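# Residue-level structure breakdown
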Amino acid sequence: MARKDRPIGAIARAGYARAAGLIPMMLFLVVFFIGPLLVNFSQSFAGPGTMFREYRRIFTDGYYLLVIFQTVLLGCAVTIGCLVLGYPLGMAIARASGRLKAALMFAVVAPLLVNVVVRSFGWMVILGNQGVVNWIGSALGLAPLELMYTWWGITIALVHVLLPFMALSIASVLEGIDPRLEEAAKVLGANAFNALRLVLLPLSFEGIVTGSILVFTATVGSFVTIMLLGNASTMVLPLLIYQQLTVVSDWAFAAAMGTTLLVLVATLLWVQARFMRPGWRQARTV
Amino acid sequence: MSRGLLAYSIGIVVFLAAPIVIVVGVAFTSADFVSFPPTGVSLRWFKRVISDPEFLGPLWNSAKLGVTSTFVSLALAVPAALALVRHRFRLGAAIQAFMLSPLSLPTIILAVGLLFFVARIGLAGTFLALVAGHAVITVPYVLRTVLAVYSGVNREVEEAATVLGAGPFRAFWHITLPLIMPGVLAGAIFSFLLSFDEVPVALLLSAPDTTTLPVSILSYLVYNYDPAVAAVSALQVAVIFVLLLVLERTFGLQRVMFTSSNK
């Protein structure tokens, strides 16, 4: 009987040993991920004065409201830019095959892994007053463009940084769509635009939402690109947090702005989770 | 693929490559200032950079930090992935979502929180604080790649080993680990690259003697604007490309990048 028991018992014991494998990562994340977020939250109440003083400062001062508004607006602009440029790119990745696909993947993923500092420096060289754009422009007899230290320059650079995320999110959804659906639409008389509008776009909606949320949250949290390509007039929330920490040393205020940014991002992710409920898409397609 | 789409893709690839190609181009200039197209070709800025302790120290720090946080991530994520795939947890999906959630959080928020946190527990300015911060960022990636590979592994192979008398560690070492190796390797390389590139956490948590390479490039760039930055950037680009080619060979880029949206 003992012999018969042994293997099954061993499998069960191995199962418990495996279940315990969850513990180290769980503990680590609770301490070093949840811990800092909680400390940040409590720090935002640690300043002198009345309760919620820091939050009242953020939401009653015109300047801070402007900074929040600019942050959200930049997030929207970069998301739209990435969507417009990224959808066809995602389509190209999904449809390519063999070596062309590998090459395309490499070209899209490689920039993603090059440091943001390096890429922003590249954009400084391109967009600067004596930069590549104006060098080409002057050769063509055009008036010099002011792109450095403007929202235009920042938006272009951020679209460059985040475009791969959008293209890959869209490509991964498009790959799962049967190409015959689009062909069927065309056979039944839809032109290319209508086939895209009525067949591909609704089916790839999930990829669009995933990519957009990814790009938006990354934009409202990015600060290296804006630090290098912007100036005091292009202030955003992450940069303001950094300044409050390093220049002004107002920890409570920085923490309150950090919490504000966190709530902004968390709200979006919550909306995404609601939108992505399994039943939702079916309800729409009926 | 239609001609129009192909032409468009080529245009976008040029756009994506432009700033990187230009930085590498500027690095080979012989001029004293940043200019493109470069005026004359020389290696003088590379020579300056590889003898400059201002960059060499941070390069060493970055490498050390990348390797350490990668090993920490592996030690945490591999057992967690095994547990998530093979054990039926009541809240399995929720646990997995929580473990991947650092991916969705802007790192600046984590960096600010960590800054306050390590100050309270007396780790401010230490290498350990940097490792913890980077491991929070990299561990979900390792978890993701290992999960992707391990969910395709047939559990009967492991059960056979156990039935035949192998203990849990022996079964892991001889059976499971070789099977999940592609995921482990891809996760490790990805994790190293992420740590090697990371700015917000390193910027806020590092002390002068633990500064990382991207942070030192950033602060150099804020005060100086000369081709030395381009040369050190070009060296970094070279490191990343070599690792990326290894990643493509061992695992396939597509699998690393696409596993995210399926989870």
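Each chain carries its own residue numbering, running from 1 in the written order of its sequence. Lettering for chains starts from A, numbering for ligands starts from 1, and both go in the order in which the items are written. This being a predicted model, a pLDDT of at least 70 is required before a residue's local features are given, and a value of 80 or more before pairs of side-chain atoms are given or counted; all residues contribute to the totals for chains, interfaces and linings.

### Overview of the overall build of chain A
Scanning chain A from terminus to terminus reveals 15 helices and 0 strands. For this measure, only C-alpha atoms enter the radius of gyration; the expected value for a globule follows 2.2 Å times N^0.38, where N is the number of residues. Taken against the 2.2 N^0.38 rule, which gives 19 Å for 286 residues, the C-alpha radius of gyration of chain A at 25 Å runs more than 25% over that of a compact globule. Projected onto its principal axes, the C-alpha coordinates of chain A cover approximately 85 × 65 × 40 Å. Here the C-beta atoms are placed from the backbone, and a residue counts as buried if at least 20 other C-beta atoms lie within 10 Å of its own, exposed if 12 or fewer do, and partly exposed otherwise. For chain A, the proportion of its 286 residues judged to be buried stands at 44%. Strands are runs of DSSP state E lasting at least 2 residues, helices are runs of H or I lasting at least 4, and numbering of each runs from the N terminus.

### Points about the confidence of the model for chain B
All names here are of chain B. Think of pLDDT as the predictor's per-residue confidence, scored from 0 to 100. On average, residues of chain B score 87 in pLDDT, and 95% of them are at 70 or above. Between residues 259-263, whose pLDDT stays under 50, and residues either more than four places distant or in other chains, the model counts 10 contacts. Interface confidence for the predicted complex, given as ipTM, is 0.87, next to a pTM of 0.86. By the convention adopted here, residues make contact when the C-beta atoms placed from their backbones lie within 7 Å.

### Structural notes on the interface of chain B and chain A
On the chain A side, the residues contacting the 71 residues of chain B number 75 residues. Top contributing element to the side of chain B that touches chain A by residue count: helix 1 (residues 3-27) of chain B, with 14 residues. The residue inventory of the side of chain B that touches chain A, partitioned by class, reads 56 nonpolar, 10 polar and 5 charged. In this classification, Asp, Glu, Lys and Arg are treated as charged, Ala, Val, Leu, Ile, Met, Phe, Trp, Tyr, Cys and Pro as nonpolar, and every other residue, Gly included, as polar.

### Some thoughts on helix 6 (residues 127-150) of chain B
Residue and element names in this part refer to chain B. For helix 6, spanning 24 residues, the distance from its first C-alpha to its last is 32 Å, which sits close to the expected 34 Å at 1.5 Å a residue. Taken as a whole, helix 6 carries its principal kink of about 35 degrees at Val136; the proline Pro140 stands between one and four residues after it. The buried fraction of helix 6 amounts to 22 of the 24 residues, a majority that puts the element mostly inside the structure. Helix span, expected: 1.5 Å multiplied by one less than the number of residues in the helix. We define the bend at each residue as the angle formed by axes fitted to the 7 residues ending at it and the 7 residues starting at it.

### As for the domain arrangement of chain A
The domain limits used here are those given by an automatic or database domain assignment. Each domain of chain A was delimited in the assignment, giving domain 1 (1-43) and domain 2 (54-285). Averaged C-alpha coordinates put domain 1 of chain A and domain 2 of chain A at centres separated by 37 Å.

### Observations regarding the domain arrangement of chain B
All names here are of chain B. Here chain B is partitioned into domain 1 (1-42) and domain 2 (56-262). Taking only C-alpha atoms into account, the centre of domain 1 sits 30 Å from that of domain 2. Taken together, the contacts link 8 residues of domain 1 with 8 residues of domain 2. Of the residues that constitute the side of domain 1 that touches domain 2, the class distribution is 7 nonpolar, 1 polar and no charged.

### Examining the environment of Gly152 of chain B
Residue and element names in this part refer to chain B. Along the chain, the position of Gly152 falls in the loop between helix 6 and helix 7 (155-163). Look at Gly152 and you get exposed, because 11 C-beta atoms sit within 10 Å. In the structure, Gly152 is positioned 132 residues away from Ile20 in sequence and 37 Å away in space, judged by C-alpha atoms.

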